[in-house]
Every structure is written in C-alpha cells, then in structure tokens.
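# Geometric and topological summary
Spelled out from the first residue to the last, the chains are:
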Number of protein chains: 2
Amino acid sequence: MRQFLIEEIKTWERFYRANFINCLTGFKPVSLVGSISSSGVPNLSIISSIVHLGADPALIGYINRPVAAAPDTITNIEHTKCFTINHINESFLHQAHQCSAKYSPEVNEFEAIGLTERYEEGIIAPFVKEALVSYEMELVEISPIHYNKTFFVIGQLKSVFLEESIIDADGFLNLSKSGSIVSIGLDGYAKTEMITRLPYAKP
Amino acid sequence: MRQFLIEEIKTWERFYRANFINCLTGFKPVSLVGSISSSGVPNLSIISSIVHLGADPALIGYINRPVAAAPDTITNIEHTKCFTINHINESFLHQAHQCSAKYSPEVNEFEAIGLTERYEEGIIAPFVKEALVSYEMELVEISPIHYNKTFFVIGQLKSVFLEESIIDADGFLNLSKSGSIVSIGLDGYAKTEMITRLPYAKP
C-alpha cells in the first residue's frame, strides 16, 4: 500500500488527477434529474451526487456543479421548484451518459439523447419513461458551497413511481431486481449483486 | 407502475416507511469514518452519505445524523479537524455493520467490533487496517441542515492510501478489483461488477 500526498496529486496531469479523485469516494448512485424551463423546454442531467438526508421528513439532496458548467437544471429548479429523479438501467445507459454533454438551453435533451418524456398529472417536471424507479421532488433550498462554487440542492419527496413487485415485505426496495446501476468516477458504470441484509446492530 | 404519494407514505408503519425511503436514492458508497476524541478514544462510524464535491480543490462531504443520535464522530472532528474514510470489503462487512450500534463515547469501537487501528505519521485519526482503500481528510466546514438537525460535514483531501495495482493507466481506480462494496437502505449491502466506461460526451 502506498501513500499519495495531496501535494503530489496536485502535480498530476489534469485528467489523470480528476479520474483518481472522482473514483475515491467509491461507487455512487447515478440518476437522471428531469426539469423544465419556465418557457417549457424539458431538461435532463445525469447526477451521481444524490444523497439521502432523512426519512421523516423525506429529504434528498444533490450537488449541482457550478452554474458556468451546468446552468440549466439549477435554473429550472429555481423557477419551477419541481424536479424528478429517475434511476438508470443498463438498457438505456448510453443515452443516460450522453446527458453529460453540454447542450444549449433551448435543446430538448430527451429528443437529443433518445429518451422519452413522461408527464404525470399535477407534476410540471418530466419523468424518464424508460426508468423503472422514479420520484418527484419539491425544492426546499439551494445552498451555495463557497469553496468551489457548487450548490447543495435540497428537496422534499412528493411522490414515488415504481413497480410494486420490487417492494419487499418490510418496505425494502429490491433495486438489484429493478436493475438500477451505479457509477464510478467520471465515466464508469457498474451493476450490483446483493450480498445480504444484516440485523439492526446493538452494542 | 404505481404512484405512491407522500401523504400515503407518511401513514405507513415507521420501519416500513424508513426502509422504503432509505432505499429510494439507490445503491450508495459505504465507508467507515475513523476519528479520535480529544482524550484519545478512537471512534468508527459507518457512513453511506459520502459525496464527491469537486476535484480541484479535492473536497468530499458526508451527512452526519443529528447529534442526539450520533454525537461521537462529529464531536471528534470538531475538536481534532481530522478524520479518515475507509472503504469496506465483503471480508469485514459484519464488523463494519456493527459500527452502526450506538456505543458509549468511552468505548474504543475498533476493539468492540473487531477491526484493527492503523496509525500513520502525522495523522491523528485512526485508519482501518483491513481497508484496501482509505484516505485522510481535514475538516473545512460543518454546515447545519436545519430541516432535520443533520449536518453537512465538508473536508478536504490530504492523502490517500491504496495499492498501486488498482490504478488504471489514466488514473481511474478499479474498485471492483479492490472489492469496495455499496450499501442500500438501512441494512443492505451489495457487490459490484463493472459494465463499461464511456467516452466523454459531446452534443
């Protein structure tokens, strides 16, 4: 085992360093965030920084990149207060990854990448029709992270769409069954295989 | 596919609801956070809310549960400004999961759960000797999330320990090779299998 000091890492070539550091946190949940502009243009972003904040109230957050790099989703959410989160399956992985390209704000990214918009009554933001697990979020707060111009976007859960067959008897979701994938680094994707569930731990 | 409204979810039995909502974000990176108290008691927490914030500067955050539920790690980090993050392998999964039990602050959790402390020169916080990938963090900020009394703990990367054999030619870390696992919900664990890496996406 070798130690790599940050002073050494900083001297590395930019893409080598970005690959290394982006992989460090391990395999990540990866989803498509659906939103719509105030003028009605649907938008999709691929996000691998989604984090569970608490079950009661049901709060979920994600890190939005700096506005200069990724302006559309955060602008849309600011205006409409509404977004959707859609799990990714291997069957549409290539289309999902294509969402990381920087399209102009006037481009309908569903059409550009080849996925299908799905609208549900009373929900302005588009869902990804191909997704087997998706949920509707309402904006709670956009909190700036000053150190690197990113934003912590916090939302509250409004509703969930999924097949009842993946819900276990105690509410646990069998996402290996639904085929939800994970990502690693900037461009890697992996599938999962359940090892086990363990009993509630006591001292 | 069925829609579940939050108004319905809120009526569910507490553990059923917690399982369902904790699973929603998908498979998560799961690691052991090592810290030490100002009186020298080592501490370990199992954390599944670790999130990459940016590569330059190299910032990584995690969500700490409310102080009433999980006081030790956050108190230690506040005092020492230092913590370690250690990937979990299937070989010590049961010990890692046992870290979710609530031990008294005076208990050395490495001894209580059966993992080995490893200390490195100039780093006060303990590493998990059994981990194949681990890294040293310095506290940047503890940001309270008022809606549910959790905290967003932001740190900057100081150094990394891993086997050079898992680093690919372009800096990508092959964490399927090192066997880093993921978690799901409150008590589920899964292993991963790489699907692919995809080229940089352009419009």
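Values in this document were obtained by computation on a predicted structure and should not be read as measured data.

### Comments concerning the nonpolar core
A general trend in soluble globular proteins is that nonpolar side chains are found buried together. By size, the foremost hydrophobic cluster in this structure holds 118 residues, and its most contacted members are A:Val182 and B:Val182. With sequence-adjacent residues up to four places away left out, B:Val182 is seen in contact with A:Phe27, A:Val182, A:Thr192, B:Phe27, B:Lys28, B:Pro29, B:Val30, B:Ala190 and B:Thr192.

### A word on the sheet that holds strand β13 (residues 188-197) of chain A
Taken in spatial order, the six strands of this open sheet run β2(A)-β12(A)-β13(A)-β13(B)-β12(B)-β2(B), and their pairing is antiparallel. Edge positions in the open sheet fall to β2 (28-29) of chain A together with β2 (28-29) of chain B, since each of these has one partner strand only. Relative to strand β12 (residues 182-184) of chain A, β2(A) runs antiparallel, the two sharing two bridges. Pairing of A:Pro29 across the sheet is with A:Val182, part of β12(A).

### Some remarks on helix α2 (residues 14-24) of chain A
Residues that lie three or four places apart on an α-helix share one face, since the helix turns once every 3.6 residues. Buried residues of α2(A): A:Ala18, A:Asn19, A:Phe20, A:Ile21, A:Asn22, A:Cys23 and A:Leu24, and no others. One or two residues past the end of α2(A) sits A:Gly26, with phi positive at roughly 100°.

### Some words on unusual backbone geometry
Residue and element names in this part refer to chain A. For the bond from Asp56 to Pro57, the omega torsion is 0°, close enough to zero to count as cis. With respect to the helices and strands, Pro57 occurs in the loop between β5 (51-55) and β6 (58-64). Positioned with a positive phi, Lys81 is a non-glycine residue whose angle comes to about 65°. With respect to the element layout, Lys81 can be found in the loop between α3 (71-80) and β7 (82-87).

### Looking at the pairing of strand β5 (residues 51-55) of chain B
Two faces make up the sheet, and in a regular strand the side chains alternate between them. Residues and elements named next belong to chain B. Judged by how many residues are buried, β5 sits mostly within the fold: four of five residues are covered. As defined by bridge partners, β5 adjoins strand β6 (residues 58-64) across four bridges and the pair is classed as antiparallel. What sits directly across from His52, in β6, is Ile60. Linkage of β5 to β6, two consecutive antiparallel strands, is achieved through a turn of two residues.

Procedures and definitions
Residues numbered from 1 in each chain as written. Chains lettered and ligands numbered in written order. Predicted model: local features only at pLDDT ≥ 70, side-chain atom pairs only at ≥ 80, totals over all residues. Core = buried A, V, L, I, M, F, W, Y, C linked by C-beta atoms within 7 Å. Buried ≥ 20, exposed ≤ 12 C-beta atoms within 10 Å, placed from the backbone. Contact = placed C-beta atoms within 7 Å. Pairing = 2+ DSSP bridges. Helix = DSSP H or I, 4+ residues; strand = E, 2+ residues; numbered from the N terminus.

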